[in-house]
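A structural walkthrough
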Amino acid sequence: FVLEVMGRHCGYLALVSALACGADWVFFPEMPPEDGWEDNMCQKLSENRSRGSRLNIIIVAEGAIDSQGQHISSDFVKNLVVGRLGLDTRVTILGHVQRGGTPSAFDRILASRMGVEAVVALLEASADTPACVVSLVGNEAVRLPLMECVQITQEVQKAMDEKNFDEAVRLRGRSFEHNLSTYRLLASRKADSELPNSSFNVAVLNVGAPAAGMNAAVRSAVRVGITEGHKMFAVNDGFEGFHKGQIKEIKWGDVGGWTGQGGSLLGTKRTLPGKHLDKIAEQMRIHNINALLVIGGFEAFESLLELYEARAHYQEFCIPMCILPATISNNVPGTDHSIGADTSLNAIVETCDRIKQSASGTKRRVFIIETMGGYCGYLATVGGLAAGADAVYIFEEPFDIRDLQTNVEHLTHKMKTSIQRGLVLRNENCNENFTTDFIYQLYSEEGRGVFDCRKNILGHMQQGGAPSPFDRNFGTKVAAKAIQWITRMLKESYKGGIVFANSEESVCLLGMRRRAMVFQPLAQLQGETDFVHRIPKDQWWLKLRPVMKILAKYKIDYDVSESGQLEHVTQVRPKESDFSACI
């Protein structure tokens, strides 16, 4: 399949969609293919077919060019493949279907946050303040001078006109550069003779409940590990499978097509390793495991803490270990975002939209909806903001009967005006007494004569489905970064023919903290964790709750202490090795 996507002057859509679907080849304006690309592409397609692949995807930006500046069309690519390889090939030109549709949860939250930041920026501006662009870097709002942004954009086109394509990619920003670096790492398989000479064995496993994006992370870890020269091992069914010896080597082709698969193809269990330390250590000796990559939720966090604390008794655990947070609840300390949470939010928002639409044309109605998340109110709060909820009840913000009464009165007042439908979200463990049934009955009684109520418990539909583009790319990039960290740690800890790493820094969690991806020792994260309720003690998204209440027409104050500050556009080129230092 040859897919043509929008992007006359910018290849962002082509590049990110290629990364999200594991495309075999991608064409976009900032980085044209080298001379002779026709032969290279056809050779790669033939090699993929010879390994058993029955599907190839080529993505073409509408502004794609070759190194001489000549346009590369989707029809030209199709005719080339048909002419040289004789493969049945179809062209799909997506066109304006890319502009339409319902906004995703991510877009709704981004728009809400940027709208708030824009208003605050206007209120804080003086006559001397330059015009600014409100944006998001990592997970932090920033303000950049408008004219600097315009100048950078013009310099991109100038660099492309001068055929200085490396400079054009650099000017697009670090995120664009790292997307391209990651795609190149995963797209082309090197011959065995070209791989670094490594004798290290790295095991990958999933722990905890399934989360969309886990498979994309495993695929990325396996392929980057092989590229680094390691022998990669897959562990089925988490630590339960580990102590039973369900460990096998996994090859490059074994993870083909995993990017878009939901759930956990390796299998995952909530079992912690504590009761099976002897057998796990034995399996690590048998398979000579030199490093461990664990992809999972709070159970994965607890599991690596148990292995870390058992190092005094088991030398086998004195190896580099890394956890990638992957849970729909987003309740793992040390990270603002977890793999799988975005897909779950999309499911919640889409369902809320449908539920509200179901009452279209009927009398006034309020829906009480229960979300998952354990004691963590992330899904309820962020889902509520994205879906336009009137109230959201969570464990982190205690409430009593007076708060419930205030919410009912507020909603009743709104319903007497032009509002036809109300939406109330409740986190499953927000309060053991104020259950979903209790809140439903309270709203039904107090709203009698003004509105009627319906309740819905979303359940495990929040856990299933194909991963969103955000989760696919987030999982892909963090797994690549984790393997490069493991490679560095293996080289540093390899002495006398064995790997020995027993420092705090050798057991880390890779998480997004504000603007950066950071490796944080688990021992340091213990103090930031509420283990009883399985949540971090400090959670960034609680700052979004005032925004949600303001949008629901509550009169409350908004804290602007953490709003963005005007800063200059930075264009510092990272060193080649710095890909492993930031995303």
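Residues numbered from 1 in each chain as written. Predicted model: local features only at pLDDT ≥ 70, side-chain atom pairs only at ≥ 80, totals over all residues. Heavy atoms only, no water.

1. A look at the overall build of the protein
Keep this limit in mind: Each helix corresponds to a stretch of at least 4 residues labelled H or I by DSSP, and each strand to a stretch of at least 2 residues labelled E; elements are numbered beginning at the N terminus. Restricting the calculation to C-alpha atoms gives the radius of gyration, and the globule rule supplies 2.2 Å times the number of residues raised to the power 0.38. Only protein chains enter the accessibility calculation, which uses a 1.4 Å probe; a residue is then buried when its area is under 20% of its type maximum, exposed when over 50%, and partly exposed in between. Any two residues whose heavy atoms approach within 4.5 Å at even a single point are treated as in contact. Exposure was quantified through the Shrake-Rupley algorithm and a 1.4 Å probe, taking into account, for residues, occlusion by the shown protein chains and nothing else. Only four residue types enter the tally: Lys and Arg on the positive side, Asp and Glu on the negative side; His and the chain ends are excluded. Charge positions are represented by NZ for Lys, CZ for Arg, CG for Asp and CD for Glu.
Per the secondary structure count, the protein includes 18 helices and 22 strands. Taken over the C-alpha trace, the protein has a radius of gyration of 26 Å; the compact-globule value for 583 residues is 25 Å, and the two agree within 12%. The C-alpha extent of the protein, read off along each of the three principal axes, is 75 × 65 × 50 Å. Out of the 583 residues belonging to the protein, those deemed buried represent 54%. Considering only contacts within the protein whose residues lie at least 6 apart along the sequence, 77% involve residues at least 24 apart. With the model as given, the accessible surface of the protein reaches about 26300 Å², and the carbon-plus-sulfur share is 50%. A distance of 4 Å separates the average location of the 63 positive side-chain charges in the protein from that of its 68 negative side-chain charges.

2. With respect to the domain arrangement of the protein
Stated formally: What fixes the domain bounds is an automatic or database domain assignment. Throughout, buried area stands for the accessible area (probe radius 1.4 Å) lost by two parts on being put together, summed over both. Whenever a carboxyl oxygen of Asp or Glu lies within 4 Å of a side-chain nitrogen of Lys or Arg, that contact is scored as a salt bridge. Here a polar contact is recorded for every N or O atom pair within 3.5 Å, except that within protein the pair must consist of a potential hydrogen donor and a potential acceptor, and residues adjacent in sequence are included only if both atoms are side-chain atoms.
In terms of domains, the protein is made up of domain 1 (2–98), domain 2 (106–172), domain 3 (201–339 + 468–527) and domain 4 (344–463). Distance between the C-alpha centres of domain 1 and domain 2: 29 Å. The interface of domain 1 with domain 2 comprises 10 residues on the first partner and 8 residues on the second. For the pair domain 1 and domain 2, the summed buried surface comes to about 690 Å²; carbon and sulfur atoms form 66% of the total. At the boundary of domain 1 and domain 2, one finds 1 salt bridge. The salt bridge involving R172 is made with E30; its shortest N-O contact spans 2.6 Å. Run the count over domain 1 and domain 2 and you get 2 residue pairs in polar contact (both at pLDDT 80 or more).

3. Quick word on the pattern of salt bridges
What the rule picks out here adds up to 28 salt bridges. A salt bridge links R84 to D39; its shortest N-O distance comes to 2.3 Å. With R84 in helix α3 (residues 74–85) and D39 in helix α2 (residues 37–50), this residue pair connects regions lying 45 residues apart in the sequence. A residue is classified by how much of its surface remains accessible, and D39, at 48% relative accessible area, is partly exposed.

4. Describing a nonpolar patch on the surface
Rules: To count toward a patch, a residue needs a relative accessible area over 30% and no salt bridge; like charges are then connected within 9 Å, while nonpolar side chains (Val, Leu, Ile, Met, Phe, Trp, Tyr) are connected within 5 Å.
Judged by side-chain polarity, I550, I556, Y558 and V560 come together as a nonpolar surface patch covering roughly 290 Å² of accessible area. Considering the arrangement of structural elements, one finds I556 in the segment after α18 (545–551). We classify I556 as partly exposed; its relative accessible area is 37%.

5. Some points on the packing of helix α14 (residues 401–415) against helix α15 (residues 436–446)
Helix-helix packing: each pair is described by the crossing angle between the helix axes and the interaxial distance. For clarity, the threshold we go by: Under this scheme, a helix contributes an axis fitted over its contacting stretch, all axes are lines through C-alpha atoms, and angles between N-to-C directions fall in the 0 to 180 degree range. Any angle between 65 and 115 degrees counts as roughly perpendicular, while under 35 counts as roughly parallel, over 145 as roughly antiparallel, and the rest as oblique. The hand of a helix crossing depends on one turn: near helix anticlockwise from the far one by less than a right angle means left-handed, and clockwise means right-handed.
The interhelical angle for the contact between α14 and α15, taken along N-to-C directions, is 45°, at an axis separation of 10 Å. It follows that α14 is oblique to α15 by the angle criterion. Every pair of crossing elements has a handedness; the one defined by α14 and α15 is right-handed. Mapping the contact onto sequence places I401, L404, Q405, N407, V408, L411 and T412 in α14 and F438, I439, L442, Y443 and E446 in α15.

6. So, the sheet that holds strand β4 (residues 91–93)
Cut-off, in case you're wondering: Any two strands with at least two DSSP bridges between them are considered paired.
Reading across from one edge, β2-β3-β1-β4 is the order of the 4 strands in this open sheet, with parallel pairing throughout. The open sheet terminates on both sides in strands that have one partner only, identified here as β2 (25–27) and β4. Each neighbouring strand pair of the sheet contributes to a mean axis angle of 15°, computed without reference to strand direction. Where β2 lies against strand β3 (residues 58–61), 3 bridges are found, and the strand directions are parallel. Bridge pairing in β3 links W25 to I58. The sheet strands contacting helix α1 (residues 12–21) are β1 (2–5), β2 and β3, and the helix crosses β3 at an angle near 165°.

7. Some points on the side chain of T351
Locating T351 in the fold gives a position in helix α12 (residues 341–358). The exposure class of T351 is buried, given its relative accessible area of 13%. One polar contact links the side chain of T351 to the main-chain carbonyl oxygen of A347, over a distance of 2.6 Å. Those residues in contact with T351 that sit more than four places away from it in its chain are L458 and M461.

8. Quick look at the nonpolar core
What counts is decided by this rule: The set of buried Ala, Val, Leu, Ile, Met, Phe, Trp, Tyr and Cys residues whose side-chain atoms join them within 4.5 Å is what this entry labels a nonpolar core.
Formed by 102 residues in total, the largest nonpolar core has its most connected members in L292 and L293. Per-element accounting of this core gives the leading share, 10 residues, to helix α16 (residues 469–493).

9. A short note on the packing of aromatic side chains
Convention followed: The criterion for an aromatic pair is that two Phe, Tyr or Trp rings (for Trp, the six-membered ring) have centres within 6.5 Å, with stacked assigned to planes under 30 degrees apart, edge-to-face to planes over 60 apart and tilted to the rest.
One pass over the structure, following the stated rule, counts 18 aromatic pairs. A centroid spacing of 5.7 Å and a plane angle of 55° characterise the contact between F298 and F301, whose relative ring orientation is tilted. Here F298 and its partner F301 are both found in helix α11 (residues 298–309), 3 residues apart, which amounts to about one turn of the helix. Looking at F301, the relative accessible area reads 0%, which means it is buried. Among the aromatic side chains, those forming a connected cluster through ring pairs are W25, F27, W37 and F76.

10. Observations regarding unusual backbone geometry
In the Ramachandran plot, N330 falls in the positive-phi region, its phi being about 55° despite a non-glycine side chain. You can see N330 is positioned in the loop between β12 (321–325) and α12. Note on N330: relative accessible area 3%, which makes it buried.

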